[in-house]
Amino acid sequence: MVKEGYKEVRVGPKTKLIPEEWKVKKLKKVIKKRKGKRPNKLFDSKNGENSIPYLSVNYLRGNDFPEWCSKNDDNKVEVKENEILMIWDGSYSGNVFMGFNGALSSTMARLKCEDDINNQYLFYQLRNNFKIFQSTTIGTSVPHVAGKIFENLNIPTPPKREQKKIASILSSVDKSIEKTDKVIEETKEMKKGLMQELLTKGIGHSEFKEVRIGAKRIEIPKHWEISTVNELTSKVQYGISDKMYLEGQYPIFRMNNFYRGYMIDEPMKYIDLDDTEFEKYKVKKGDILFNRTNSVDLVGKNGIFTLEGDYVFASYLIRLRTNDKCDSYYLNYYLNSYNAGSILDSIATRGASQANINAKNLKSVDVPTPPIQEQKKIASILSSVDAKIQKEEEYKVKLEQLKKGLMQKLLTGEIRVNTEMEV
DNA sequence: GATTGGCACAGCTTGGGATA
DNA sequence: TATCCCAAGCTGTGCCAATC
């Protein structure tokens, strides 16, 4: 029994209910698709007004700075801010983006809308159907969006005024998400500056002395000391060198459990241990775990353990447990700071495409050391900034959930919008 | 025998380019 | 112009020789 005023239509592998007066159009009837092409020449930096960014997958995903190409490059396929682009090949195939000006890479496609469909409405429809494209990709080594399935996808199409209103509502949630993102980024920047200030100048000092930390000379408060990691720790220990499994007795921390200076329990692997071994490698609250082997960029990452429950750690991590001279949060913040980062970078031994920092070298790293009470104050200030970042990140997750729910309901007409109101 | 330290290697991702 | 194979680079993991 179909709900009154609604009809059943097939969208990808599923049947959906949409309002009777909505039309259904095949994607190929409402867009013109053009695959990207690698420009003839790419540049590392912008060359005045004559350059446009090269939109690689990594750049779109926010993992990389853009390369640039000339506006006059014959090979480029250009996309404008109000056009939709879709990752066509590779692991992220099916993902869509809007709001970029630039030249497309060969693994992407530009989607231009015909007049009777609102491009932002179509963007949200494609985003809502991302899983269809992802689950229908073809190709043996590299997945691709399946062209036929893409072209023949049915798009529920309300009157244009309603499309515009739906796009406007979803876009306003997107703007709130962007605003929250900006607050998070600004708070992270503020934390960087605060760390630099507090970890070298301390709180309320007027007299300073010059000291050597690594290759640099810096000023620290007159009564602070310089200690090595060895002098501030009671335990520096390698983890377990055994195979891990998807299921098992104890969760084991690996190099992908670091997040913003903390250990997180996602994703986990597991290991079975007898009681003696477990006690030996059990992570305690306040323990700092340090990534000793990886690429040059990732070696030296560290995080403090603050979770409840029983965890152990892998052989490519080193555990640091502070003694009574040192607050573990303070040491963790210091090891995550810019100054410590450059020291760790200088002591890392470079192998074939990998770098290592062994426990002996880690123990020799110098740490500016205030009295323990001041260490705790500094750590407390930085923790409060971390708490603000976490609060904003949680708010962002809520907004994303709200958007997901609205997309489901608005894009199928389950909730109708009032088109009499201004959009 | 236990611990440390380095790296080989598997698996994954990206982008270039050959081919249809 | 689209598809998809392949090489290169990167990341994560487990192994094993060296050292204690």
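Residues numbered from 1 in each chain as written. Chains lettered and ligands numbered in written order. Predicted model: local features only at pLDDT ≥ 70, side-chain atom pairs only at ≥ 80, totals over all residues. Heavy atoms only, no water.

Chain A has the name Type I restriction enzyme S subunit in an unreviewed UniProt entry, where Halanaerobium congolense is given as its organism. For the record of chain A, the UniProt heading Sequence similarities (unreviewed entry) holds the text "Belongs to the type-I restriction system S methylase family." (UniProt positions renumbered as here; feature names shortened; annotations may be inferred.)

S.K.: How should the overall build of chain A be read in this particular structure?
M.R.: What chain A contains, in helices and strands, is 12 helices and 28 strands. A fraction of 71% describes how many contacts in chain A between residues 6 or more apart in sequence connect residues 24 or more apart. For chain A, the accessible area works out to roughly 22,700 Å², and carbon and sulfur atoms hold 48% of it. Side-chain charges of chain A comprise 70 positive and 57 negative groups, with the mean position of each set lying 4 Å from the other. (Helix = DSSP H or I, 4+ residues; strand = E, 2+ residues; numbered from the N terminus. Contact = heavy atoms within 4.5 Å. Areas by Shrake-Rupley, 256 points an atom, 1.4 Å probe, with all protein chains shown as cover. Lys, Arg positive; Asp, Glu negative; His and termini not counted. Charge placed at Lys NZ, Arg CZ, Asp CG, Glu CD.)

S.K.: How should unusual backbone geometry be read in this particular structure?
M.R.: Peptide bonds are, in most cases, trans, and in most cases residues other than glycine have a negative phi. Its identity as a non-glycine residue notwithstanding, Arg-260 has a phi of 50°, on the positive side. One can find Arg-260 in the loop between β18 (258–259) and β19 (262–263).

S.K.: When you look at the packing of aromatic side chains in this model, what are you seeing that I'm missing?
M.R.: Two descriptors summarise a pair of aromatic rings, namely the distance from one centre to the other and the angle between the planes of the rings. Counted under the stated rule, the structure contains seven aromatic pairs. A ring pair is formed by Phe-97 and Phe-100, whose centres lie 6.2 Å apart and whose planes are at 80°; its orientation type is edge-to-face. Each member of the pair, Phe-97 as well as Phe-100, is classed as buried. Their ring planes at 65° and their centres at 5.7 Å tell us that Phe-253 and Phe-305 sit as a pair that is edge-to-face. Pair noted here: Phe-253 is in strand β17 (residues 250–253) and Phe-305 is in the loop between β23 (302–304) and β24 (312–313), with a separation of 52 residues, a long-range link. (Phe/Tyr/Trp six-rings, centres within 6.5 Å; stacked < 30°, edge-to-face > 60°. Buried < 20%, exposed > 50% of the residue type's maximum accessible area, 1.4 Å probe, protein only.)

S.K.: Just checking my understanding: could you explain the pairing of strand β21 (residues 288–291) for this structure?
M.R.: As a general feature of sheets, a regular strand has side chains that alternate between the two faces. Side-chain alternation along β21 places Ile-288 and Phe-290 on one buried face and Leu-289 and Asn-291 on a second face that is also buried. In terms of strand pairing, β21 meets β23 through three bridges, oriented antiparallel. Across the sheet, Ile-288 pairs through a bridge with Ile-304, a residue of β23. Two elements, β21 and strand β25 (residues 317–322), share four bridges in a ladder whose sense is antiparallel. From the neighbouring strand, Leu-289 faces β25, where its bridge partner is Arg-319. (Pairing = 2+ DSSP bridges.)

S.K.: It is not clear to me how the environment of Tyr-6 should be interpreted in this structure. Could you clarify?
M.R.: Along the chain, the position of Tyr-6 falls in strand β1 (residues 6–11). Distance from Tyr-6 to Met-86, taken between C-alpha atoms, is 31 Å for residues 80 residues apart in sequence. With near-sequence residues (within four places) excluded, Tyr-6 lies in contact with Leu-17, Ile-18, Pro-19, Glu-20, Gly-413, Glu-414 and Arg-416. In terms of polar contacts, Tyr-6 uses its side chain to reach the backbone carbonyl oxygen of Gly-413, at 2.8 Å. (Polar contact = N/O pair within 3.5 Å; in protein donor to acceptor, adjacent residues only side chain to side chain.)

S.K.: Just to check I follow, could you spell out the packing of helix α9 (residues 328–335) against helix α12 (residues 372–410) for this structure?
M.R.: In contact at an axis separation of 8 Å, α9 and α12 are set at 65° when each is read in the N-to-C sense. Here α12 runs roughly perpendicular to α9, going by the angle between their axes. For the pair α9 and α12, the crossing hand works out as left-handed. Touching Tyr-329, Tyr-330 and Tyr-333 of α9 are Gln-375, Ile-378, Ala-379, Leu-382, Ser-383 and Asp-386, all from α12. (Axes fitted to C-alpha atoms, helices over the stretch in contact; angles between N-to-C directions. Parallel < 35°, antiparallel > 145°, perpendicular 65-115°, else oblique. Left-handed = near helix turned anticlockwise from the far one by under 90°.)

S.K.: Would you mind showing me how to read the sheet that holds β17 here?
M.R.: Paired through backbone hydrogen bonds, the strands of a sheet run either parallel or antiparallel to each other. Sheet architecture is open: three strands sit in the order β20-β17-β24, paired in mixed fashion. Two strands close off the open sheet at either side, each with one partner strand: β20 (269–271) and β24. Two strands pair when backbone bridges link them, and β17 and β20 are joined in this way by three bridges, in the antiparallel orientation. Within β20, the position partnered with Tyr-250 by the bridge is Ile-271.

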